[in-house]
Amino acid sequence: MSNLINIPDKKKIKLWIPISITLFILFVILIFQIVVIIQPGYCGAVIQLGKVQEYVFTEGLHVKIPFIQSVKPMEVRVQKIETKQNASSRDLQIVNTIIAVNYHLDASRVNWLFKEVGVFYAERVLDPAIAESLKAVTAQYTAEELISKRSEVSLKIKETLGAKLETYYMVLDEVNLTEFQFSAEFNDAIEKKQVAEQQVLKATLDLQRIEIEAQQKIEQAKAEAESLRLQKQEVTAELVELRKIEAQMEAIRKWDGRMPTVTGGAMPFIDINTLTK
């Protein structure tokens with residue numbers, strides 16, 4: 001009799017087990033539908049019934065309306081894109097450039113980027129903007145200026161590209177021109193020009209050296225001439241007479257008191273008066 005009474009209770013227990021499991025699963029699903037976690041380095045564009053909302057979920061825990069709202073995470077960390085582009089210089093030289101661009105999405109406006117461009121913004125916006133900015137700037141310089149004014153060219157590209165990306169809710173961080181490549185003919189012409197410039201410089205330096213040496217010789221000759229002129233100005237009759245007396249005194253000092261034995265010729269005359277003075 002008691003067994004008959006307990007049979008319905010066992011059926012109820014067996015019936016409630018799958019119901020409880022189902023309710024638990026639904027509860028977990030509901031929790032996941034209500035709660036959304038935005039990871040570090042991301043922001044979330046909120047879509048409600050197909051319409052992008054005006055606010056953005058920043059990193060952390062957020063609550064959304066289940067089954068009505070969805071969230072699209074968008075990376076806002078600094079990203080890098082490196083691309084090879086072709087352009088023409090002002091003197092119509094073909095320039096192959098490898099350009100590296102660092103950028104990040106505007107965290108406060110990723111919703112509008114998702115609405116207007118979508119998640120493929122690199123292909124749809126970034127690549128064309130880089131190519132257009134590079135071509136616009138390189139066309140302002142000759143091929144030689146692109147090499148000699150590399151930092152200036154890079155700065156202008158950064159300004160031009162930054163303005164374009166700003167309209168699509170992106171922020172430009174840095175532009176690096178990692179390489180400029182020209183045609184083989186242009187490289188050969190540049191090398192020949194550099195050799196010619198070096199030869200001209202050497203010839204100029206040699207000419208300057210010759211001119212300096214010639215000027216030095218002229219100045220030296222002038223100095224010698226001026227010295228002779230001053231010496232001539234200082235020669236007077238008294239000086240000439242003094243030099244004669246000095247010569248006679250030197251001859252007397254060297255005389256040994258003997259008359260010369262060699263006959264012929266005149267006896268050297270010595271002025272006795274000069275000896276007594």
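A quick note: this is a predicted structure, and the numbers were derived from the prediction, not measured.

Cut-off values and rules
Residues numbered from 1 in each chain as written. Predicted model: local features only at pLDDT ≥ 70, side-chain atom pairs only at ≥ 80, totals over all residues. Heavy atoms only, no water. Helix = DSSP H or I, 4+ residues; strand = E, 2+ residues; numbered from the N terminus. Buried < 20%, exposed > 50% of the residue type's maximum accessible area, 1.4 Å probe, protein only. Contact = heavy atoms within 4.5 Å. Axes fitted to C-alpha atoms, helices over the stretch in contact; angles between N-to-C directions. Parallel < 35°, antiparallel > 145°, perpendicular 65-115°, else oblique. Left-handed = near helix turned anticlockwise from the far one by under 90°. Nonpolar A, V, L, I, M, F, W, Y, C, P; charged D, E, K, R; others polar. Expected span 1.5 Å × (residues − 1). Arc of directions from axis to C-beta. Core = buried A, V, L, I, M, F, W, Y, C linked by side-chain atoms within 4.5 Å.

Colleague: I tried to follow the environment of Glu179 on my own but got confused; where do I start?
Modeller: Take Glu179: it is sitting in strand E8 (residues 170–181). Among the residues examined, Glu179 registers a relative accessible area of 29% and is labelled partly exposed. Considered as a pair, Glu179 and Val95 are 84 residues apart in the sequence and their alpha carbons are 9.9 Å apart. Other than its neighbours up to four places away in sequence, Glu179 contacts Asn96, Thr97, Ile98 and Arg150.

Colleague: For this particular structure, what's the right way to read the packing of helix H3 (residues 121–138) against helix H5 (residues 150–166)?
Modeller: Helix-helix packing: each pair is described by the crossing angle between the helix axes and the interaxial distance. Look at H3 against H5: their axes get within 9 Å of each other, and the N-to-C directions meet at 140°. On the basis of the axis angle, H3 is oblique to H5. The handedness of the crossing between H3 and H5 is right-handed. Of the residues in H5, those in contact with Val125, Leu126, Ala129, Ile130, Glu132, Ser133, Leu134 and Val137 of H3 are Val153, Lys156, Ile157, Thr160, Leu161, Lys164 and Leu165. Class assignment of the residues belonging to the contact of H3 with H5 gives a composition of 10 nonpolar, 2 polar and 3 charged.

Colleague: What should I look at first to understand H5 in this one?
Modeller: With 17 residues, H5 extends 24 Å between its outermost C-alpha atoms, agreeing within 8% with the 24 Å of an ideal straight helix rising 1.5 Å per residue. For H5, the full list of buried residues reads Val153, Ser154, Ile157, Leu161 and Leu165. For H5, the buried positions fall inside an angular range of 95° around the axis, keeping them on one side. Facing away from the buried side of H5 by over 90 degrees, the exposed positions are Ser151, Glu159 and Glu166. Considering only its buried residues, H5 is in contact with strand E7 (94–105), H3, helix H4 (143–148) and E8.

Colleague: Got a minute to help me understand the nonpolar core in this structure?
Modeller: Soluble globular proteins tend to bury their nonpolar side chains together. Residues Val101, Leu105, Tyr121, Ile157, Leu161 and Leu165 are the most contacted members of the largest nonpolar core, which totals 34 residues. Considering every element that reaches this core, the biggest residue donor is H3, with 7 residues. With sequence-adjacent residues up to four places away left out, Leu161 is seen in contact with Val101, Ala129, Ile130, Ser133, Leu172 and Val175. With 5 residues, the next largest nonpolar core counts Val36, Ile38, Val46 and Val71 among its residues.

In short, geometric facts, not functional conclusions.
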